[in-house]
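# Remarks on the overall topology
Residue-level listing of the chains:
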Amino acid sequence: MFGKPLGTDAELRPLEPWQAEEFFAHMERGREFIGQHIGFADAAKDLESARKLLQGYADKAAADVGRIFGIWLDDKLVGGVLFRVMDIPQGRAEVGCWLEPAATGRGLITRAARVLIDWAIRERGVHRVEWLVSSANAPSIAVARRLGMSRDGVLRSYSLHRGVRQDVEVWSVLAPEWES
């Protein structure tokens, strides 16, 4: 297995279908916290659906339209980052993230997202990286700011999450901004 260090205490690694058991256990630890703003936790409701979710991202990676990576802190899966969408011909990608509560406040998401954005722009030639976030998700908005992203606007009442419509903010960084 290979990974990318995120400082001395954490590592970013691909998250693959064979890790479904570990991924599901992680989701169980953080389900309510993670699920406050994103549907990702609800999508991995049991071992079978967790495996299916990871297989879906393995298929996306094979088709070069998405990727998923886990964040391990002291060799324990505590969160992750992903390219929910990658459109290489158009030069666009959307980064997403999640983290269980015990791992918050350490800068793990910011460090991991930097690795993904840097790879997308420098290695894959992506011109625009987006960050879509519920307007109520202040920690995620703070990460977008720390990454040097600009707030493009708000998609009012854009998505339905756990039966409630939510506004979604669109943040982005362009390749020339990232490289400067």
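Let me begin by describing the structure that accompanies this report. (Residues numbered from 1 in each chain as written. Predicted model: local features only at pLDDT ≥ 70, side-chain atom pairs only at ≥ 80, totals over all residues. Heavy atoms only, no water.)

### Focus: the overall build of the chain
Along the chain, the regular secondary structure elements total 6 helices and 8 strands. Along the chain, from the amino end to the carboxyl end, the secondary structure elements read β-β-α-α-α-β-β-β-α-β-α-β-β-α. The C-alpha atoms of the chain give a radius of gyration of 15 Å, which matches the 16 Å a tight globule of 180 residues would have. With respect to the three principal axes, the spread of C-alpha positions in the chain is 40 × 40 × 35 Å. In the chain, buried positions account for 47% of the 180 residues. A separation threshold of at least 6 residues defines the contact pool for the chain, and within that pool the share at least 24 residues apart is 58%. Of the accessible surface of the chain, which amounts to about 9000 Å², a share of 52% is contributed by carbon and sulfur atoms. (Helix = DSSP H or I, 4+ residues; strand = E, 2+ residues; numbered from the N terminus. Rg over C-alpha atoms; globule rule 2.2 N^0.38 Å. Buried < 20%, exposed > 50% of the residue type's maximum accessible area, 1.4 Å probe, protein only. Contact = heavy atoms within 4.5 Å. Areas by Shrake-Rupley, 256 points an atom, 1.4 Å probe, with all protein chains shown as cover.)

### So, the side chain of Arg67
Secondary-structure assignment places Arg67 in strand 3 (residues 67-73). Among the polar contacts made by the side chain of Arg67, one reaches the side chain of Asp64 at a distance of 3.1 Å. Setting aside residues up to four positions removed in sequence, Arg67 forms contacts with Tyr57, Lys60, Ala61, Leu82, Phe83, Met86, Trp119 and Arg124. (Polar contact = N/O pair within 3.5 Å; in protein donor to acceptor, adjacent residues only side chain to side chain.)

### Side note on the environment of Arg165
Assignment of secondary structure puts Arg165 in strand 8 (residues 164-174). Along the chain, Arg165 and Glu32 lie 133 residues apart, while their C-alpha atoms are 18 Å from each other. When neighbours within four sequence positions are excluded, Arg165 is seen to be in contact with Ser157, Tyr158, Ser159 and Leu160. A polar contact is formed between the side chain of Arg165 and the backbone oxygen of Ser157, at a distance of 2.9 Å.

### Observations regarding helix 5 (residues 138-146)
Among all positions in helix 5, only Ser140, Ile141, Val143 and Ala144 are buried. The buried residues of helix 5 occupy an angular sector of 155° when projected down its axis, which confines them to one face. Of the exposed residues in helix 5, those oriented more than 90 degrees away from the buried face are Ala138, Pro139 and Arg145. Against strand 5 (92-99), helix 4 (108-122), strand 6 (128-134) and strand 8 lie the buried residues of helix 5. Looking at the residues trailing helix 5, positive phi occurs at Gly148, about 80°. (Arc of directions from axis to C-beta.)

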